Amino acid sequence: MTNGRTGGSAPDVRRASSPSSGRETDLAHFLADSTPVISGGRAILLQIADPVVAAGVRRHSDFARRPQQRLAHTLMYVYAVVVGTPSDAAIATSFVNRAHTAVAGADDVDRQLWVAATLYDSALRAHEEFGDPVPPGLAQRVLDAYAPLGVALRVPASRWPSTVPAFDAYWTATLGTLRVTDDARGVVRDLLHPRFAPLWVRTAMPLVRIVTVGMLPDVVRAQYGFAWGPREQARYARTVRFVRRIRAVVPGALLRLPGPLLLRAMRRYATRR
């Protein structure tokens, strides 16, 4: 994550979806762009590098048969809370809270703060790696817009870093406390080497593995035990260039399509319950 981004406005957490974001074109475009989808695996591996999160995910998620499910649910939550309506945010938050009911430690403030932080950091990293550099002012506005991801899950507003330098300090300090456990490694095996996933998922996995491992911070990658040297770094660099070229020719309307589709699927599911 690029350092030196500055700013400093308190996040608007009066409701989960930010009503002011649509008035800022650059922020609206950033939030609607699906580029961060490619960093979803990275966010999950960072989340489960916390032993409490890893234990909950391993025991209560069906990664072996549906490795794409947590990613889809995470993306639904992000889109619903950050760019959706207040109703969307309430639906997504109720789903997450219900899922956490039986998971020991899932509602711990530190755990929820870390999960939300991985989503912000991974979104910025995805844009910087595969899209365009994120200007300091935009990074700050995105940080404010992402605050409700934690607040909606009962993280006190005061715990969300109010400036990008404060976030960077929190991020660096927290990376030093992570510990990859056997639970996390088990989830990673199911996530990156799915045996029962649909064909289209298994076909995409070589690319997903390169991107996911390559985007991890060095200290976390080493804990997972992923092989990483000049050959792997060169392969990752080639993949980044390839994805950049593909993204550059994809129409903007297609880049913005996953959000509405996920929100529509979430609303349909909610009406059937």
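It should be noted that the structure appears before, not after, this text.
Scope of this entry: the structure provided in the associated data block. Since this is a predicted model, take the numbers as computed values, not measurements. (Residues numbered from 1 in each chain as written. Predicted model: local features only at pLDDT ≥ 70, side-chain atom pairs only at ≥ 80, totals over all residues. Heavy atoms only, no water.)

Ile48, Tyr120, Tyr146, Leu149, Trp160 and Tyr224 are the most contacted members of the largest nonpolar core, which has 68 residues in total. Among the elements that line this core, the one with the most residues is helix H6 (residues 109-130), at nine residues. Ala126, Val211, Met215 and Tyr236 belong to the second-largest nonpolar core, a separate cluster that totals seven residues. (Core = buried A, V, L, I, M, F, W, Y, C linked by side-chain atoms within 4.5 Å. Buried < 20%, exposed > 50% of the residue type's maximum accessible area, 1.4 Å probe, protein only. Helix = DSSP H or I, 4+ residues; strand = E, 2+ residues; numbered from the N terminus.)

In the contact formed by helix H10 (residues 199-215) and helix H12 (residues 230-249), the axes pass within 10 Å of each other and the chain directions differ by 110 degrees. When the interaxial angle is binned, H10 and H12 end up roughly perpendicular. When the axes of H10 and H12 are compared, the crossing they make is left-handed. Touching Leu207, Ile210, Val211, Gly214 and Met215 of H10 are Arg235, Tyr236, Thr239 and Val243, all from H12. Among the residues making up the contact of H10 with H12, the classes are represented as six nonpolar, two polar and one charged. (Axes fitted to C-alpha atoms, helices over the stretch in contact; angles between N-to-C directions. Parallel < 35°, antiparallel > 145°, perpendicular 65-115°, else oblique. Left-handed = near helix turned anticlockwise from the far one by under 90°. Contact = heavy atoms within 4.5 Å. Nonpolar A, V, L, I, M, F, W, Y, C, P; charged D, E, K, R; others polar.)

Under the criterion given, the structure shown has 10 aromatic pairs. Arranged with centres 6.2 Å apart and planes meeting at 50 degrees, the rings of Trp160 and Phe167 form a pair that is tilted. Here Trp160 and Phe167 have matching classes, each one buried. Lying over the aromatic face of Trp228, Arg221 brings its terminal NZ or CZ to 4.2 Å of the ring centre. (Phe/Tyr/Trp six-rings, centres within 6.5 Å; stacked < 30°, edge-to-face > 60°. Lys NZ or Arg CZ within 6 Å of the ring centre and 35° of its normal.)

Across all of its chains, the model carries 11 salt bridges by this definition. Between Asp88 and Arg267 there is a salt bridge, and its shortest N-O distance comes to 2.7 Å. Of the two residues, Asp88 is situated in helix H5 (residues 86-100) and Arg267 in helix H14 (residues 258-272); the sequence distance between them amounts to 179 residues. The exposure class assigned to Arg267 is partly exposed, which follows from its relative accessible area of 35%. The closest approach of N and O atoms between Arg221 and Asp218, which form a salt bridge, is 2.8 Å. Of this pair, Arg221 and Asp218 both sit in helix H11 (residues 218-224), separated by three residues, roughly a single helical turn. (Salt bridge = Lys/Arg side-chain N within 4 Å of Asp/Glu carboxyl O.)

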